[in-house]
Amino acid sequence: MKNMPLAQMAHAQVALFNVALAGCIRPLRDVSARLITGWLRHSAKRWAALSVAGLFSGLAAAATYTLPGTLPAGCSSASSTSVSCPNLSLNLGDNIVVSNANLTLTVTNALSIGGNNSINTSGSVSGFAIQANSVSGGNGIFLIGNLNVSGSLILSGNSNNITGNVSAGGIASIGGTVTGKFTCSGALSTQWASSITGDISAGSIASGGGSTYGGNLTATSGDITSGSGDRISGSASATSGGVTLSSSGTSVGGNVVAKNAVVLQSGVSVAGSVTSTN
């Protein structure tokens, strides 16, 4: 650089400095990248481990209660045939075993059922009943016994299975199978592909379609509205409202009687008579 002009010498020195600086920065950058990559891998493994642990801890948390022996928290037994709870929440997968015949489980306020629950499903005792102010639940609830609710009854999903009579003092929404009678003071709605073997009496009845009803349907204050493809073995009667039967294979094995209009869409079959008294 001795014979190089001053300006060129300055540029050359700057270039040499940049090369040297790049040589220093590159290893630091590689080290940083390795540190960050290692941290991300460690975090991902830790998150996965925590997720699996949380999953199995949730499964392990499922409990089995024996009435009137091993009771849920807050519940008490007044006798060999009576268990009462102010409120009762069954988590996902919790089960209830009933050891004494004619036992009644009374829930003063709300009964919440998480789903995938078995209640008295061994069938070894008879006369079991649940009385609650309100009931809400998920899917996959299996119950052998009568269910009496003074308020609302909401059981979502269509994989529930109840063997016993069901009554609700308020509105009711249910999916799945009920082997027994269903009585509801308010509006009753059923989900797709439901099945109720006994007579149904409700303020109004709205079917989700594809369902089977083994008895008579009676709406005491409102309408009866079927879904597509419903099968009603008995009669459909709306003492204060109308009846609308949807198309696509809906059938009634008995009579159709309504105070207001009766609407039979295309493809509906009625074995008995059709009467509108208004």
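Look above for the structure.
Since the model is a prediction, treat every value here as computed from it, not as a measurement. (Residues numbered from 1 in each chain as written. Predicted model: local features only at pLDDT ≥ 70, side-chain atom pairs only at ≥ 80, totals over all residues. Heavy atoms only, no water.)

1. Topic: the nonpolar core
Note on soluble globular proteins: their nonpolar side chains tend to be buried together.
Piece 1. In terms of nonpolar packing, the biggest core is built from 53 residues, with Leu 105, Phe 128, Val 135, Leu 147, Leu 153 and Phe 182 touching the most fellow members.
Piece 2. Not counting chain neighbours up to four residues away, the residues in contact with Phe 182 comprise Leu 153, Val 166, Ala 172, Ile 174, Leu 188, Ile 196, Asp 199, Ile 200 and Ser 201. (Core = buried A, V, L, I, M, F, W, Y, C linked by side-chain atoms within 4.5 Å. Buried < 20%, exposed > 50% of the residue type's maximum accessible area, 1.4 Å probe, protein only. Contact = heavy atoms within 4.5 Å.)

2. Notes on empty space enclosed by the protein
Piece 1. This structure, assessed with the given rule, holds two cavities of 30 Å³ or more.
Piece 2. Here the largest cavity defines a volume of roughly 50 Å³.
Piece 3. Of all the secondary structure elements, the ones that give two or more residues to the lining of the largest cavity are β6 (104-113), β8 (129-137) and β9 (141-144).
Piece 4. Split by residue class, the lining of the largest cavity holds ten nonpolar, no polar and no charged.
Piece 5. Estimates place the volume of the second largest cavity at around 30 Å³. (1 Å grid on protein atoms, 1.4 Å probe; cavity = no way out; pocket = protein on both sides within 12 Å on 5 of 7 lines; lining within 4 Å. Points joined across faces, edges and corners; volume = space filled by probe spheres on them. Helix = DSSP H or I, 4+ residues; strand = E, 2+ residues; numbered from the N terminus. Nonpolar A, V, L, I, M, F, W, Y, C, P; charged D, E, K, R; others polar.)

3. Some points on the pairing of strand β10 (residues 146-149)
Side-chain positions along a regular strand alternate between the two faces of the sheet.
Piece 1. Covered by surrounding structure in β10 are Leu 147 and Val 149 only, the residues Asn 146 and Asn 148 on the alternate face being uncovered.
Piece 2. Examined bridge by bridge, β10 and strand β13 (residues 166-168) share three bridges and lie parallel to one another. Opposite Asn 148, over in β13, you have Ser 167 as the bridge partner. (Pairing = 2+ DSSP bridges.)

4. Observations regarding the sheet that holds strand β12 (residues 161-163)
Piece 1. With respect to topology, eleven strands assemble into an open sheet ordered β1-β5-β7-β9-β12-β15-β17-β19-β22-β25-β28, the strand pairing being parallel. For this open sheet the edge positions go to β1 (64-67) and β28 (269-270), each flanked by a neighbour on one side alone.

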